[in-house]
Amino acid sequence: MTDLLLNPRTYDPTDLDPEARRLLAATIGWFEARGKTELKRAHHEREWYDDFLTFIASEKAFATFLTPGSVGGCWDTARICAFGEVLAFYGLGYWYAWQVTILGLGPVWQSDNEAAKARAATILSQGGVFAFGLSEKAHGADIYTTDMVLTPDGSGFRANGSKYYIGNGNVAAMVSVFGRIAGVPGAQGYVFFAADSQHPSYELVKNVVSSQMYVSEFTLHDYPVQAQDVLHTGAAAFDAALNTVNIGKFNLGFASIGICEHAFYEAITHAENRILYGKRVTDFPHVRQGLTDAYARLVAMKLFADRAIDYVRSASADDRRYLLFNPVTKMKVTTQGERVIDGLWDVVAAKGFEKDTYFEQAAMDIRALPKLEGTVHVNMALVLKFLPNYLLAPTTLPEVPRRRDGADDDFLFHQGPARGLGKVRFANWRTPYDAFADVPNVAVFREQAEGLVDLLTNAGPDAEQATDLDLLLALGELFTLVVYGQLILEQAGLSGLDRDLVDQIFDVLVRDFSAYAVDLHGKASSTKAQQLWALEHVRKPAAAADRYDRVWQQVRDLAGAYEMRP
Ligand SMILES: Cc1cc2nc3c(=O)[nH]c(=O)nc-3n(C[C@H](O)[C@H](O)[C@H](O)COP(=O)(O)OP(=O)(O)OC[C@H]3O[C@@H](n4cnc5c(N)ncnc54)[C@H](O)[C@@H]3O)c2cc1C
């Protein structure tokens, strides 16, 4: 069962194309040859990863994965996700250089500016990296209020303003910068343009984080923007920003998975080999429970994210279900990653602080992912828009097949305006739950999920509560669990996952649903009917000692299964 988690010793995703497999293996080989001592030294010395980028350039890895069909390559989300998982397995910093390259390329690949696209393809093939300049120091998520201002100068524009939190802003040959044209009101004034971080009018102010990755603050001083640099104008610039974030935020879940996998091997191996009071640490019942829960959560993250790839790759103007599964991958999978690390940390305790472990950086890095590309709140607010149609008005839709076919995911660069989310329809969420009705904890969870439909039908939020985001977020957590369970079960069915493990995963989901129900109960504005509903839907998972023991054995078998070369 060890191959449910990425294990560099055995990893070979046979459903991907030969070139992707070669690059994945070469990348693992590069990190392993470098070894853990060197990985940790560079991490602690916050050394910019020139050696890594040289390797990436020599293999044309970013160019192979990130050049879309429109400029002669193939943008295949499945292999992009696999590559991101591998990079995060070895360090979030390496993953981040890749992630912000994806974000930086987003506005370019969505543009009609063919010259800019050709330039980007050339830079990529030469091993260059990219950057995405959306955030500003004062404005956070509020991108409507940009202070990057372009003033017409006769031949083009002069850009003035600063950006903050911009990855790769120290080296990127193309920084996709969002701003507005002076004097043009509202959405009509928005603009996306490409800047060169090495231009004399581009001032690199500082790295705002203390890390290997470079998260820059930069300022443009009368930076010349010519027609050939303009990627989008008006409402299209705003759509390009949102659609780029849509493409990028999907990757965050896979980074969380990679981090948790590496940390998991360290934790289980340490606990199994540590003897206290004459017994292994893994003999403590609470340690077994903690590790089994962490494993169930991690496998659930993988199942959900793996299936979400299919929906992203099958997306079209007529099938926008990915717009729900995408923020759930970003928000739910990454926050589950935090739960996994928390659970593991309780087991490894002091070991999790030791400087030569991967764990000590995982413990910090795992916190970043829920906060990038929009916070958990912002994504939950998005997820809530889909709730009525998903739960209350399912319809008949074609089943989305498994998608590992090597096609170019061109639709991602033609997503159109991110509007009408409340109109997106879904197939009946009950179908996969029916297929696993004989699994005891799926059945218990199904009762809770049906209860959520009752709540919304009979005691849903009133007009005042509908504007109370604090209450709605609690409701959103309950809703997200139902969506999460749907794709977990779809993937469990497609991959023939062991039923014991499905049961164990839903043992966790039943407890999580109960906890969120109690949270809803405690909200200041919850009504009497909502409070009653909450308490009535607290459920105990179906316990089964033999099933638990079998799953625990799978977990214990991971001890010693992988250790990075020193
Ligand atoms: C390491 C790192 C790297 C980054 N790299 C980049 C990059 O390369 N390019 C780039 O452009 N940006 C980058 N960012 C910025 C990142 O995308 C923002 O941090 C993120 O969008 C959240 O903004 P903020 O942290 O300023 O939070 P704020 O926007 O200040 O939010 C404050 C609080 O308000 C809540 N909130 C805000 N708006 C809403 C809403 N609409 N609904 C509900 N709640 C809301 C938030 O959840 C949060 O609790 C990076 C950030 C970090 C930390």
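Throughout this description, residue numbers start from 1 for each chain and increase along the sequence as written. Owing to the predicted nature of the model, reporting of local features is limited to residues with pLDDT of at least 70; listing and counting of side-chain atom pairs is limited to 80 or more, with chain, interface and lining totals taken over all residues. Excluding hydrogens and water, the side-chain values take into account all heavy atoms of the structure.

## Quick look at the site of the ligand
Consideration 1: In the vicinity of the ligand, 19 residues are found, and the nearest of them are Tyr96, Ser135, Ala141, Tyr165 and Thr375.
Consideration 2: Phe132 is positioned such that a nitrogen or oxygen atom in its backbone is 2.8 Å from a nitrogen atom of the ligand.
Consideration 3: Bound to the protein, the ligand loses 66% of the 970 Å² it would expose on its own.
Consideration 4: When contributions to the shell around the ligand are tallied by element, the ones reaching two or more residues are helix H5 (92–109), strand S3 (157–167) and helix H11 (376–384).
Consideration 5: Secondary structure elements are taken from DSSP: a helix is a run of H or I of four residues or more, a strand is a run of E of two residues or more, and numbering for both begins at the N terminus. Of the residues forming the shell around the ligand, the biggest block, 3 residues, is contributed by S3. If a single non-hydrogen atom of a residue is within 4 Å of a molecule or strand, that residue counts as near it. Two N or O atoms form a polar contact when they lie within 3.5 Å of each other; inside protein one atom must be a possible hydrogen donor and the other a possible acceptor, and for residues adjacent in sequence the pair counts only when both atoms belong to side chains. Every accessible area reported is derived by Shrake-Rupley at a probe size of 1.4 Å, with residue values counting cover from the shown protein chains alone.

## With respect to the pattern of salt bridges
Consideration 1: Salt bridges are defined as contacts in which a side-chain nitrogen from Lys or Arg sits within 4 Å of a carboxyl oxygen from Asp or Glu. Tallied over the entire structure, the rule returns 51 salt bridges.
Consideration 2: One salt bridge in this structure joins Arg446 and Asp434, with 2.7 Å as the shortest N-O distance. One end of the pair, Arg446, is in helix H14 (residues 440–459); the other, Asp434, is in helix H13 (residues 430–435), with 12 residues separating them in the sequence.
Consideration 3: Notably, a salt bridge pairs Asp500 with Arg550, separated by 2.5 Å at the nearest N-O pair. Of this pair, Asp500 sits in helix H16 (residues 499–522) while Arg550 is found in helix H18 (residues 545–556), placing the two residues 50 residues apart along the sequence.
Consideration 4: Under the scheme applied here, a residue whose accessible area is under 20% of the maximum for its type counts as buried, over 50% as exposed, and between as partly exposed, the area being computed with a 1.4 Å probe on protein chains only. Using a relative accessible area of 42% as the deciding quantity, one classes Arg550 as partly exposed.
Consideration 5: One salt-bridge network, held together by shared partners, links Asp15, Asp306, Arg307, Asp310, Arg402, Arg404 and Glu490.

## Points about the packing of helix H9 (residues 322–348) against helix H15 (residues 469–495)
Consideration 1: Note on definitions: angles span 0 to 180 degrees between N-to-C directions of axes, and those axes are lines fitted to C-alpha atoms, for helices only across the stretch in contact. In contact at an axis separation of 11 Å, H9 and H15 are set at 100° when each is read in the N-to-C sense. One way to sum up the angle between H9 and H15 is to call them roughly perpendicular. Along its contact with H9, which presents Leu324, Phe325, Val328, Met331, Lys332, Val333 and Gln336, the element H15 presents Glu477, Phe479, Thr480, Leu481, Val483, Tyr484, Gln486 and Leu487.
Consideration 2: Polar here means any residue outside two lists: the nonpolar Ala, Val, Leu, Ile, Met, Phe, Trp, Tyr, Cys and Pro, and the charged Asp, Glu, Lys and Arg; Gly therefore counts as polar. Residue composition of the contact of H9 with H15, grouped by class: 10 nonpolar, 3 polar and 2 charged. Here the angle decides the label: under 35 degrees means roughly parallel, over 145 means roughly antiparallel, 65 to 115 means roughly perpendicular, and every other value means oblique. Any two residues whose heavy atoms approach within 4.5 Å at even a single point are treated as in contact.

## A short note on the pairing of strand S1 (residues 130–133)
Consideration 1: Side-chain alternation along S1 places Phe130 and Phe132 on one buried face and Ala131 and Gly133 on a second face that is also buried.
Consideration 2: Between any two strands, pairing holds if DSSP finds at least two bridges. Alignment of S1 against strand S4 (residues 174–181), held across 4 bridges, turns out to be parallel. Bridging from a neighbouring strand, Phe130 pairs with Met174 of S4.

## Details of the packing of aromatic side chains
Consideration 1: Pairing of aromatic side chains requires ring centres within 6.5 Å, counting the rings of Phe and Tyr and the six-membered ring of Trp. Pairs whose planes differ by under 30 degrees are stacked, by over 60 edge-to-face, and all others tilted. All chains considered together, the criterion is met by 44 aromatic pairs.
Consideration 2: Ring geometry for Phe89 against Tyr90: centres 5.2 Å apart, planes inclined by 65°, an arrangement best described as edge-to-face. Like Tyr90, Phe89 is buried.
Consideration 3: Aromatic side chains Phe264 and Tyr295 sit 5.8 Å apart centroid to centroid with 50° between the ring planes, which places their arrangement in the tilted category. Of this pair, Phe264 sits in helix H7 (residues 235–273) while Tyr295 sits in helix H8 (residues 285–313), placing them 31 residues apart in sequence.
Consideration 4: Exposure remark for Phe264: the relative accessible area of 0% places this residue in the buried category.
Consideration 5: An aromatic cluster of at least three residues, connected via ring pairs, comprises Trp30, Phe31, Trp48, Tyr49, Phe52, Phe55, Phe89, Tyr90, Tyr94, Tyr265 and Tyr562.
Consideration 6: As a reminder, the over-ring test applies to NZ of lysine and CZ of arginine, requiring each to be within 6 Å of the ring centre and within 35 degrees of the ring normal. Across the ring face of Tyr484, the terminal group of Lys332 is positioned such that the distance to the ring centre comes to 5.6 Å.

## Observations concerning the packing of H14 against H15
When two helices pack together, their arrangement is given by the angle between their axes and by how far apart the axes lie.
Consideration 1: Look at H14 against H15: their axes get within 11 Å of each other, and the N-to-C directions meet at 135°. Here H15 runs oblique to H14, going by the angle between their axes. When the axes of H14 and H15 are compared, the crossing they make is left-handed. Together, Val442, Phe445, Ala449, Leu452, Leu455 and Leu456 of H14 and Leu475, Leu478, Phe479, Leu481, Val482 and Leu489 of H15 make up the contact between the two elements. In this scheme, a crossing is called left-handed if the near helix is turned counterclockwise away from the far one by less than a right angle; it is called right-handed if the turn is clockwise.

## A few points about the environment of Leu481
Consideration 1: Residue position: Leu481 is located in helix H15.
Consideration 2: Assessed through its relative accessible area of 0%, Leu481 is described here as buried.
Consideration 3: Leu481 sits 29 residues away from Val510 along the chain, and the two C-alpha atoms are 9.3 Å apart.

## Here we look at unusual backbone geometry
Consideration 1: Positioned with a positive phi, Arg46 is a non-glycine residue whose angle comes to about 50°.
Consideration 2: Within the fold, Arg46 resides in the loop between helix H1 (18–44) and helix H2 (50–59).
Consideration 3: Residue Tyr277 is not a glycine yet carries a positive backbone phi of 50°.
Consideration 4: Mapped onto the fold, Tyr277 is located in the loop between strand S9 (275–276) and strand S10 (279–280).

## So, a nonpolar patch on the surface
Consideration 1: On the surface, Val518, Leu535 and Val538 cluster together into a nonpolar patch covering about 240 Å² of accessible area.
Consideration 2: Among the structural elements, Leu535 can be located in helix H17 (residues 528–536). Only residues above 30% relative accessible area that lack a salt bridge enter a patch, with like-charged residues linked at up to 9 Å and the nonpolar side chains Val, Leu, Ile, Met, Phe, Trp and Tyr linked at up to 5 Å.

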